[in-house]
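# Secondary and tertiary structure notes
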Amino acid sequence: MTRGLELDTSTSWIKVHCHRNSKKLTARKVGAFRKHPLQQPTNETKKDIYMRAWALKSRPAGTPVADNFQMIEAADAPLGEGEYRITNSWLSVDPYMRGRMNDVKSYAPPFGIGEAMTGGAVGTVTESNNADYPVGCKVLHMAGWRDTVVAGGNNPPEGGMPPVKLPDLGVPDQHWLSIIGMPGGTAWFGLLKVGAAKEGETVFVSAAAGAVGSTVTQIAKAKGMTVIGSAGGADKCAWVKEIGADACIDYKSGPVLPQLRAALKTLGKSDVYVYFDNVGGEHLDAALACANERARVAICGMIDVYNNQQPQSMQYLPMIIGLRIKIEGFLYPDFAAQVPEFNADMAKLIASGAVKGRETVMEGLEKAPDAFIGLFTGANTGKMLVKV
């Protein structure tokens, strides 16, 4: 387990009231609610507080900074009929969240200013008026970025996804936010369903030291493919090869295309059959330049352009026509009906040792913004998590 970087955070603490049947927790601008420096609630206020959560204070311009975030807290009320309280133990931060910080049309609505943000989380039911979610059961849900949440009853599910009780598969809780959760499913569906990768083919994976990319690398090797990864720095490249990649190029050491061509030559391969894209930009262009006829490109993310909205130079875009390259973007929910198939196969891969998880962990809810910002500075190897 890799410990996260210690970054200074300057934030605000806002006291708010929570309307139980309202979908959003909001920092209301009312005179009775006052701002004060970030601090733990006192013994006098603890009995009035049931949740602390992170919200946007302002929309990032470029790479997010600490001042874009604020902590909010909410007063509690007794549980209603059918409700249950989840105390979070693990929170996920993911690159896709950066897009939701922009006030633009997308596949998911943007985070509101002063409203509790959402994201993947694993927690334990600590109080319940719902027989289906008894005290002690563990739950995967989308009310991340906070320490506790009340679910069930008339509360709409945070993030549009109802909480799911975790089955006992013998894996650590945090793996439900990585290799057996959305990142793992994204890797599995993107490689095998969108990319339709097959045994014997050559796969190129960008951000191969990240949560999704490292899982793609391991799945591809387990399925008999040749894998070329890309990562930033010698240490990350060494780890990518350690988990199974046949070669790994260091994009920080020079242009991607010459390194990709050299790796293919060294491995005795002429073309890339499948490119799993987490980055966009130069990596995507290099993959097109080295693509096989009827190659497939699974577009999972484009972290190179999330914080820089400048046009991207694509020299080899015309290759799509002559080589009949198939390029397809996808989202994890697209494959909701096939999650049981993924769970069964991934459980076998984990049990056999073919797929292993690695996390970079930051301790404490206060570190959530630092963990998120670290995604864009290379602070993580494997999955970035916050342990509450």
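Residues numbered from 1 in each chain as written. Predicted model: local features only at pLDDT ≥ 70, side-chain atom pairs only at ≥ 80, totals over all residues. Heavy atoms only, no water.

## A few points about the sheet that holds strand E11 (residues 202–205)
Rules: Any two strands between which DSSP finds at least two bridges are classified as paired. Helical segments are the DSSP runs of H or I of at least four residues, strand segments are the runs of E of at least two, and each set is numbered from the N terminus. Only the stretch in contact is used when fitting a helix axis, every axis being a line fitted to C-alpha atoms; angles between N-to-C directions are given from 0 to 180 degrees. Contact criterion: two residues are considered in contact whenever any of their non-hydrogen atoms come within 4.5 Å of each other.
Strands sit in the order E13-E12-E11-E14-E15-E16 across an open sheet of six strands; the sheet is parallel. If you trace the sheet from one side to the other, it starts and ends with strand E13 (247–250) and strand E16 (326–329), each paired once. Across the sheet, the axes of successive neighbouring strands diverge by a mean angle of 15°, strand direction being ignored. By the bridge criterion, four bridges tie E11 to strand E12 (residues 226–231) in an arrangement that is parallel. Across the sheet, the residue bridging to Val-203 is Val-227, located in E12. Docked against the sheet, helix H2 (residues 182–194) engages E11, strand E14 (272–277), strand E15 (291–299) and E16, running at close to 150° with respect to E14.

## Observations regarding the confidence of the model for the protein chain
Applicable threshold: For every residue, the predictor states its confidence as a pLDDT score lying anywhere from 0 to 100.
Summarising the model, the protein chain shows a mean pLDDT of 87, and 87% of its residues fall at 70 or more. With pLDDT under 50 throughout, residues 1–24 is counted as low confidence; its partners more than four residues away or in other chains account for 87 contacts. Note that pLDDT drops below 50 for residues 26–46; the model gives that stretch 35 contacts with residues more than four away or on any other chain.

## Regarding helix H4 (residues 234–242)
At 3.6 residues per turn, the α-helix brings residues three or four places apart onto the same side. Definition in use: Each residue is assigned to one of three classes by its accessible area relative to the maximum for its type, calculated with a 1.4 Å probe on protein chains only: buried under 20%, partly exposed between the two thresholds, exposed over 50%. To be clear, the arc concerns the directions from the helix axis to the C-beta atoms.
Along H4, the positions that sit buried rather than exposed are Lys-236, Cys-237, Trp-239 and Val-240. Along the long axis of H4, the arc covered by the buried residues comes to 160°, so they all point the same way. Every exposed residue of H4 that faces more than 90 degrees away from the buried side is listed here: Ala-234, Asp-235 and Glu-242. Looking at the packing, one finds that the buried side of H4 touches helix H3 (211–222), E12 and E13. Once H4 ends, the next one or two residues include Gly-244, with phi positive near 130°.

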